[in-house]
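Here is what each chain is made of, one letter per residue.
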Amino acid sequence: MRTYAGTLLLEDIFDYIPTTNADIYNLGLAVFEPNILVVENNCHTTLGKFQTIDFEAEGLTELSTETVLSYNRITTLLSQGIYSAATRHSSTCISKGGICVRCYKATYPDKSVPAVNDRVTLKPEYLVNAEIIRATPTNNIYSLVTDSAQYDKYNVFLAGVLLVNGTDYSITGNTLTLSVTIASETNLVIRFLRIDRRPFLSWLSTTYAGALLGMKPLVGEQLPIRPLFLASTLTENRLQSISELIKASGKIPIDYTEYSDLIKDPLEKALYMLAIFSIYYNVTS
Ligand SMILES: [Zn+2]
């Protein structure tokens, strides 16, 4: 039966992939944090990721101008009645066989900019909350409200420029101390991010394999890279050997293990196998 309860019970299942089997664990990493090739400087995507334009968008890269959104730029857009824009993001990169430098840089502004032919690891980072602080030249200590249990990291932007943690500012508890001097009042935008595997579950919930697991389709955030490309990185041999391993584990009902061989899409198959292995391993161990 497909129910929201079924989906909710499974919500965090991909956070509990057993570490006891290296092949399963590594398949999880290959799916959730894939290490992929930087194939070109610019994929020339014209689509980009849809973004509502407000002051929380500071730090994202506007596709049409290839510039990082700053307080001034956002003010200009809003004054022109522009309330949404396409932004550069790894999820909409159209490079064949990998990712482009520009989409990577825009998605992970805190990471060093890769060169073509480098390999990069794409973590599933999602925005938890963006805080906008009005920074003034006479004050350098500001209070934050976002619960630190909700995020794994943060990026801080001033005038569209990413500040360096520990040099330009520091955050201790709920206090942000600014070390750079500012000439006039402006916005300081703190983007709190969480490494989150739940969008993969949302994606699985829309497939037939998800229905078999009792999930109702959920609308989730886009995956960090296009599902078709991610699927192309998972070889048939690798998935076949995982399928054999799961069958041999003896913990999972045969109806579930045999179904995995019928799934054509490599990403659906990988996520399905990771889900059933984690469910039964965690239940019966
Ligand atoms: Zn791209």
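The structure contained in this document is the topic of the report that follows. (Residues numbered from 1 in each chain as written. Predicted model: local features only at pLDDT ≥ 70, side-chain atom pairs only at ≥ 80, totals over all residues. Heavy atoms only, no water.)

What follows deals with the packing of aromatic side chains. For the coordinates displayed, the defined rule picks out 12 aromatic pairs. With centroids separated by 6.0 Å and ring planes inclined at 50°, the aromatic side chains of tyrosine 256 and tyrosine 280 adopt a geometry described as tilted. Here tyrosine 256, found in helix H9 (residues 254-260), pairs with tyrosine 280, found in helix H10 (residues 266-284); they are 24 residues apart in sequence, far enough to count as distant. Classification of tyrosine 256 by relative accessible area gives partly exposed; the value is 27%. Here a set of aromatic residues connected by ring pairs shows up, and it is made of Tyr151, Tyr154, Tyr169 and Phe192. (Phe/Tyr/Trp six-rings, centres within 6.5 Å; stacked < 30°, edge-to-face > 60°. Helix = DSSP H or I, 4+ residues; strand = E, 2+ residues; numbered from the N terminus. Buried < 20%, exposed > 50% of the residue type's maximum accessible area, 1.4 Å probe, protein only.)

Hydrogen bonds between backbone groups are what pair the strands of a sheet, and the pairing can be parallel or antiparallel. Across the sheet, which stays open at both edges, the three strands sit in the order E9-E13-E12 with antiparallel pairing between neighbours. Two strands bound the open sheet, and with one partner strand each, they are strand E9 (141-143) and strand E12 (169-172). The sheet shows a mean angle of 20° between the axes of neighbouring strands, direction not considered. Bridging between E9 and strand E13 (residues 175-178) involves three bridges; their strand directions are antiparallel. Pairing of tyrosine 142 across the sheet is with leucine 176, part of E13. (Pairing = 2+ DSSP bridges. Axes fitted to C-alpha atoms, helices over the stretch in contact; angles between N-to-C directions.)

In this section: the sheet that holds strand E1 (residues 35-40). Strand order in the open sheet formed by three strands is E6-E1-E7, with mixed pairing between adjacent strands. In this open sheet, the two strands that pair with only one neighbour each are strand E6 (99-100) and strand E7 (119-121). Two elements, E1 and E6, share two bridges in a ladder whose sense is parallel. Its bridge partner lying in E6, glutamate 40 is registered against cysteine 100.

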